Every structure is written in C-alpha cells, then in structure tokens.
Amino acid sequence: MPEGPEIRRAADRISKVLIGKEIIESKFYYERIKDKEEIVKNKNIKEILTRGKAMLIRFKNDWSMYSHNQLYGRWTVNLNTTKIKSSRTLRVVFTTNKHTVRLWSATDIDLIPTAEENEHSFLKKLGPDVLNESCGFELIEERLTSKSFHKKKASTLMLDQTVFAGLGNYLRSEILFDAKIHPDDRPLDLDKERITQWAKSIKDISHLAYKTGGFTVSKSFAEKNKANGEPRKSYRHAVFMRHKYECLNCKSRIERKWYGKRKLDFCPSCQIQRGKIKPCKY
Ligand SMILES: [Zn+2]
C-alpha cells in the first residue's frame, strides 16, 4: 500500500525524467479535469513535490496537478520505445523525447493554480508531512501533546492525516513498536521521555522506509528474518505482517489487533500498556 515514503519515491523517479526536460506531449484522460486540460497541455514541469500521500506536479505556468493514488493509483516510467500492456485505466501521460510517464487508475486528480494549492479540499486539512525537513521531532512532540490530540489513542493518531501527513498502516505498526508504545495508549498516558521517543520514531522510521524502499528494520535484521524463511512482506518489518513470528527483541509472539478494517501488529511484551484504559477486546 503506498504511504508517504512510496509516494515520495515515485515523485523522485518521475522528477528524474521530467524536470528540466521538454514535454513534447501531455494527455489528460480524466473527466474531472477535462475543462482545464488546455491550460497545462504540453507545458513544461518546474518541480514535483509530495505532501503526505498526495503529489503536486507544478508546471512552469504556475498551475499544479494534484493527485492522490489512494490504494490503486500507480505511476510508471518507461522509455518511449517500450510497448505497454495494461488492463488499468490510463489517466495522465507526459512524454519527453526519451521517456513516457503515465498515471494509471487514480481517481483523485485536480488541476489548480499553484497559488491556490493550500485551498485544495484535501491539502488544507493535512497535518505536517513527516518526511519534510521543516517537520522536526520537536513539532511532532508538540502536536502529540497538544490539547487537540493528547486524548486520542496512538492507533488513531498514527493514521489520521490531519495530525501527521504520510503515515499509513505499515508505518503505524512499525513506529509504535520502535517507540515501545501500546496502540491503545494515548499521549496523556505517557511520560515526556516516551513522547520524545515516539516523535523520534515517527521521523526515523518514515525516513528509513523512504531511503530503503519500504524497509523499516536494518539490513541485518531483514536478512535474519529472510534466512528464517519469512516472505518479503514480513521480513522487511519488525512487527507488521509478522504476527505469526517471534519479536526480534524479546522472542514473544507478535500479536494482531484490528481497528475498523485496518490491521495493527505489535509485541505485547515490548509495548506494554501504560494507560488506565483496558485494552479493547477485538
Ligand atoms: Zn518484544
């Protein structure tokens, strides 16, 4: 599932072949943006950035294309000579003299003036992007302990995009394990030291996933898990998708909880509950 780190890696990949290059042709097939496509058609691209799980492609004429891939959208980069076969619905195409960049299946795409990005209905509600350099762990700590959020469960805070942008299911499990926080604990239940560790884990684990392409453990841990016969979906994590396996720290069995339809994997020994509220029985 694409979370902030995956979207940022996609932005890096398409930036490499589009920024500073002549756009020979661009096509927009999505009905919602049809009436504005002439404004940005064949316009060169100035920069591509991400805000959480959203991507912003800024054209040189000060218009932007906003896109959110949800669970199904996908960016591809190919040489113009590569023949493409796909059953997905094509939404947007950018062609340079060498490469073709395509956005498939996404259903959340808008064309907006760059100056009005912050007014966009999704972007205006977003919390700070955890991968952005301007979002330091002090700011994260401040938000965790603020009156608006300190009574909410860790499991809720780690998915709510208005609190922090860019976190998703695998990062939620991995961050809480790294910080040794029980998913039902609230910032209010934790001491200062634990909150600081939580804030650092949010930054560190997200950054590690971005740098490594979705790994949230060190290379040596991943190799150890792999050698034990674990599949890729679990060996690159400490707890997520490892609910059948032993904890890397304490050898307890990783457990799974469900919050709505979203799974959360955690170690019951490393992540003891500090708050007074009894754990939810799921
Ligand atoms: Zn453990």
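The coordinates are above.
Residues numbered from 1 in each chain as written. Predicted model: local features only at pLDDT ≥ 70, side-chain atom pairs only at ≥ 80, totals over all residues. Heavy atoms only, no water.

**Comments concerning the coordination of the zinc ion**
Okay, step 1: Only C247 (SG), C250 (SG), C267 (SG) and C270 (SG) from the protein reach the zinc ion as donors, at distances of 2.3 Å.
Okay, step 2: The site at the zinc ion holds four donor atoms, and with the angles between them running 102 to 114 degrees, its shape is tetrahedral.
Okay, step 3: As a motif over one chain, the donors of the zinc ion read C-x2-C-x16-C-x2-C. Here C270 lies in the segment after β10 (262-266) and C247 lies in the loop between α8 (232-235) and β9 (255-259), a separation of 23 residues in the sequence.
Okay, step 4: For C270, a relative accessible area of 12% translates into the label buried. (Donors = N, O, S within 2.8 Å, 3.2 Å for Na, K, Ca; no water. Tetrahedral: all angles 85-135°; square planar, octahedral: opposite > 155°, others 65-115°. Helix = DSSP H or I, 4+ residues; strand = E, 2+ residues; numbered from the N terminus. Buried < 20%, exposed > 50% of the residue type's maximum accessible area, 1.4 Å probe, protein only.)

**Here's the deal with the sheet that holds strand β7 (residues 99-104)**
Okay, step 1: Spatially, four strands are ordered β1-β6-β7-β5 in an open sheet, and the strand pairing comes out antiparallel. The open sheet has two edge strands, β1 (25-28) and β5 (74-79), and neither has a second partner. Between one strand axis and the next, the sheet turns through 15 degrees on average, direction left out of account.
Okay, step 2: Here four bridges tie β1 to strand β6 (residues 90-95), and the two strands are oriented antiparallel to one another. Residue pairing across strands places E25 opposite T95, the latter belonging to β6.
Okay, step 3: The sheet strands contacting helix α1 (residues 4-18) are β5, β6 and β7, and the helix crosses β5 at an angle near 35 degrees. (Pairing = 2+ DSSP bridges. Axes fitted to C-alpha atoms, helices over the stretch in contact; angles between N-to-C directions. Contact = heavy atoms within 4.5 Å.)

**Some points on the packing of helix α5 (residues 169-178) against helix α6 (residues 192-212)**
Okay, step 1: In the contact formed by α5 and α6, the axes pass within 9 Å of each other and the chain directions differ by 130 degrees. Considering the angle they form, α5 stands oblique to α6. Once α5 is placed against α6, the crossing between them reads as right-handed. Contacts between α5 and α6 involve Y170, L171, E174, I175, L176 and D178 from the first element and Q197, W198, S201, I202, I205, S206 and A209 from the second.
Okay, step 2: The residue makeup of the contact of α5 with α6, split by class, is eight nonpolar, three polar and two charged. (Parallel < 35°, antiparallel > 145°, perpendicular 65-115°, else oblique. Left-handed = near helix turned anticlockwise from the far one by under 90°. Nonpolar A, V, L, I, M, F, W, Y, C, P; charged D, E, K, R; others polar.)

**Examining the environment of K125**
Okay, step 1: Residue placement: K125 occurs in the loop between β8 (108-113) and α3 (137-144).
Okay, step 2: On the accessibility criterion, K125 (55% relative accessible area) is exposed.
Okay, step 3: The spatial distance from the C-alpha of K125 to the C-alpha of G213 is 27 Å, given a sequence separation of 88 residues.
Okay, step 4: What K125 contacts, discounting residues up to four positions off in sequence, is Q161 and T162.

**Concerning the pattern of salt bridges**
Okay, step 1: Across all of its chains, the model carries 14 salt bridges by this definition.
Okay, step 2: Of the charged contacts, one joins K27 and E25 as a salt bridge, the two residues approaching to 3.9 Å between their closest N and O atoms.
Okay, step 3: Residue classification places E25 among the partly exposed residues on the basis of a relative accessible area of 36%.
Okay, step 4: Each of R32, D108 and D110 takes part in salt bridges that share partners, so that together they form one network. (Salt bridge = Lys/Arg side-chain N within 4 Å of Asp/Glu carboxyl O.)

Interpretation note: all reported values are geometric properties and have no functional meaning in isolation.
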